[in-house]
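Residues per chain, in single letters:
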Amino acid sequence: RGIQSIDIPTVNSCRCRWYDLAVTRTPEPAPLYTALERLGDTPGVVADGRRLRRDRNREAVVDALLELFNEGNLNPSAEEIAARCGVSARSVFRYFDDIDMLGRVAFQRQQERVMPLLALDIAHSEATSAKATAIAAQRARLFEAIESVGAVVRLRAPFNLVIATHLAEGRAYLRQQVADLFAPELAAAPPALAAQLLATADVLTSFESWRLLRDDQ
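Cut-offs applied
- Residues numbered from 1 in each chain as written.
- Predicted model: local features only at pLDDT ≥ 70, side-chain atom pairs only at ≥ 80, totals over all residues.
- Heavy atoms only, no water.
- Helix = DSSP H or I, 4+ residues; strand = E, 2+ residues; numbered from the N terminus.
- Buried < 20%, exposed > 50% of the residue type's maximum accessible area, 1.4 Å probe, protein only.
- Contact = heavy atoms within 4.5 Å.
- Areas by Shrake-Rupley, 256 points an atom, 1.4 Å probe, with all protein chains shown as cover.
- 1 Å grid on protein atoms, 1.4 Å probe; cavity = no way out; pocket = protein on both sides within 12 Å on 5 of 7 lines; lining within 4 Å.
- Points joined across faces, edges and corners; volume = space filled by probe spheres on them.
- Nonpolar A, V, L, I, M, F, W, Y, C, P; charged D, E, K, R; others polar.
- Core = buried A, V, L, I, M, F, W, Y, C linked by side-chain atoms within 4.5 Å.

Looking only at helices and strands, the protein chain has ten helices and three strands in total. Ordering the α and β elements of the protein chain from the N terminus gives β-β-β-α-α-α-α-α-α-α-α-α-α. Evaluated residue by residue, the protein chain yields a buried proportion of 31% over its 217 residues. Long-range contacts, defined here as pairs at least 24 residues apart, represent 57% of the contacts in the protein chain between residues at least 6 apart. Accessible surface, the protein chain: about 14000 Å² in total, of which carbon and sulfur atoms supply 57%.

This is the structure:
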């Protein structure tokens, strides 16, 4: 009734299935919009709902990537990410331009999660041994939390300027934290020796040293 089967698409309104193409002269309104009209809502509500659903799915994709990293899969495919969060692989690239962009968002999310672990609850006026113990414990907690993501960041940094920049900023922050904590000791040493001491302490408390001690020693 009012429907013709045709072989090629036309400019008329159409209802498509994988096995045929039909054209309707008087298309019925979509069920969702019909329901909203009956409720007295506006199309803006539909747009907001779609935006919220998109945001939820986008967050789920990021969480899925971080979960895969934490499980040891440092280079998951779009299909693996999609399967983990329950969306299609095509959807992954609707939410993110490419895997690199997804990775950058995931790294930012990880940074936000571990921010509380950056705190050092000890004053620089405390004994040197106490400060050394405190920063060793803090770095162990921090690096344990970021282990897999930290490894991925270091693998991708040479090929991605944004990731490399974030990595450099993170390293600079941790180095400055060492400098601030041991400021009295560094101030008491000659400048050349102080620079060597800071460099040594920075290396010893780095992610790379922690992984070497944890995995290879």
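Taken as a whole, the largest pocket spans an internal volume of roughly 670 Å³. Secondary-structure elements contributing two or more residues to the lining of the largest pocket are α5 (99–114), α6 (128–156), α7 (161–181), α9 (191–204) and α10 (207–216). Of the residues that constitute the lining of the largest pocket, the class distribution is 15 nonpolar, eight polar and seven charged.

The next subject is the nonpolar core. Counting 23 residues, the largest nonpolar core has Val61, Phe69, Ile81, Leu102 and Phe107 as its most contacted members. For this core, the elements supplying multiple residues, two or more each, are α2 (43–70), α3 (78–85), α4 (89–95), α5, α6 and α7. For this core, the leading source of residues is α2, giving seven residues. Excluding anything up to four places from it in sequence, Ile81 contacts Val61, Ala64, Leu65, Leu68, Pro76, Ile99 and Leu102.

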